[in-house]
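# Commentary on secondary and tertiary structure
The residues making up each chain are set out below.
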Amino acid sequence: MKLGEKVVCGTKFVRSVHGVLGDVTLSEGSHYWEVEASESGATVYAIGVAKQQCDRNAQIGTDKTSWCIEIMGVFLKAYHNDLSSKVDHELSSSPSHKFGVYLDFERKLLEFYDCEVQRLLHRFRLDETIDELCPALDLTNSRAILTLITGLKTPEYVNLPRMKAL
C-alpha cells in the first residue's frame, strides 16, 4: 500500500481463511485509514490489525496477535485472543458501509468508527509490548468487497476528547 492509494484486497492467508495482511508495518505515531465495504447477500467479514507474525491459518481476532471488529449484517462484535465483546451499535441496512480505524502507538489505542454516523464503535487498549502492527481484513464467510483507503487525515470526530467506548 502506498500513501493515498485505494487498495482492493484479495486473499493471502491459507486454508479456509480468506484474509489479507497489509504489507505496511506500522510501528510509531498515530495512523488512520478507512475500509469501504460493499456487500451482496448474507455476509460476515472482519476489519482489524495484526502482528506480522500472526497465525495465517486463523481468522483475525482469534489469538493474542490480532484485534478486529467482525461485521455480521447489521450486527458487530469486537474480537481479541478469541474473546468477543458485543458492540452496542447496529449498522444501517445499506449494502455499503465505511469504517474508520485509528491506531495510536503512543497512547496504545486501537479504535474503530462507523464513519457514516461518526461514532466510536469499540476501543482496545493495547499491551505496552505491542510495537508494530499491520492492517488486516478477513473475508472468510463473505461476499463483501473490502477496499482499504490510506493516506487520509484523521477526522475531527476522532480527535475529540476520548469518549467512552460503546
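The structure under discussion appears in the preceding block.
Residues numbered from 1 in each chain as written. Predicted model: local features only at pLDDT ≥ 70, side-chain atom pairs only at ≥ 80, totals over all residues. Heavy atoms only, no water.

Turning to the pairing of strand β9 (residues 109-114), a few remarks are in order. Of all the six residues making up β9, six are buried; the element is thus mostly covered by neighbouring parts of the structure. As defined by bridge partners, β9 adjoins strand β10 (residues 119-125) across six bridges and the pair is classed as antiparallel. Residue pairing for β10: L109 is matched across the bridge by R125. Between β9 and β10, which pair antiparallel in sequence order, lie four residues; one of them, Q118, sits at a positive phi of approximately 50°. (Buried < 20%, exposed > 50% of the residue type's maximum accessible area, 1.4 Å probe, protein only. Helix = DSSP H or I, 4+ residues; strand = E, 2+ residues; numbered from the N terminus. Pairing = 2+ DSSP bridges.)

All right, on to empty space enclosed by the protein then. All chains considered together, the criterion is met by two cavities of 30 Å³ or more. Considering the residues around the largest cavity, the lining is formed by ten residues, among which D55, A58, Q59, D63 and S66 are closest to the centre. (1 Å grid on protein atoms, 1.4 Å probe; cavity = no way out; pocket = protein on both sides within 12 Å on 5 of 7 lines; lining within 4 Å. Points joined across faces, edges and corners; volume = space filled by probe spheres on them.)

What follows covers the packing of aromatic side chains. Evaluation of the coordinates by the stated rule reveals two aromatic pairs. An angle of 85° between the planes, with centres 6.2 Å apart, marks the rings of F112 and F124 as edge-to-face. Of the two residues, F112 sits in strand β9 while F124 sits in strand β10, which places them twelve residues apart along the sequence. Overall, F124 belongs to the buried group, its relative accessible area being 10%. Relative to Y157, the ring of Y113 lies with its centre 5.7 Å away and its plane at 65°, an arrangement referred to as edge-to-face. Note that Y113 is positioned in strand β9 and Y157 in the segment after β12 (145-149), a separation of 44 residues in sequence. By relative accessible area, which is 1% here, Y113 ends up buried. Take Y157: its relative accessible area is 12%, and that puts it in the buried class. (Phe/Tyr/Trp six-rings, centres within 6.5 Å; stacked < 30°, edge-to-face > 60°.)

In the structure shown here, the tally under the stated rule is zero disulfides. With no disulfide of its own, C54 lies 7.8 Å from the sulfur of C134, the closest cysteine sulfur. Taking the relative accessible area as the measure of exposure, C54 reaches 8% and is therefore buried. (Disulfide = S-S within 2.5 Å.)

Moving on, we come to the nonpolar core. Core analysis: the largest hydrophobic core is formed by 30 residues, its most contacted members being Y45, I47, I69, F99 and L110. Ranked by size, the runner-up nonpolar core spans nine residues in total, among them A46, A50, C54 and Y79. (Core = buried A, V, L, I, M, F, W, Y, C linked by side-chain atoms within 4.5 Å.)

Before going further, it helps to spend a moment on the pattern of salt bridges. Counted under the stated rule, the structure contains four salt bridges. One salt bridge connects E111 with R123, and the closest N-O pair in it is separated by 2.8 Å. With E111 in strand β9 and R123 in strand β10, the pair connects residues that are twelve residues apart, well separated along the chain. Taking the relative accessible area as the measure of exposure, R123 reaches 16% and is therefore buried. Each member of the salt-bridge network shares a partner with another, and the members are E34, E36 and K98. (Salt bridge = Lys/Arg side-chain N within 4 Å of Asp/Glu carboxyl O.)

For strand β8 (residues 96-104), a buried count of seven out of nine residues is recorded, marking the element as mostly surrounded by other parts of the structure. Pairing of strand β3 (residues 30-38) with β8 involves nine bridges; the strand directions are antiparallel. Paired with H31 across the bridge in β8 is L103. As defined by bridge partners, β8 adjoins β9 across six bridges and the pair is classed as antiparallel. Bridged to G100 within β9 is Y113. Hairpin connection from β8 to β9: four residues lie between these consecutive antiparallel strands, with K108 at a positive phi of about 55°.

So, to be careful, I would describe these as geometric facts and stop short of saying anything about function.
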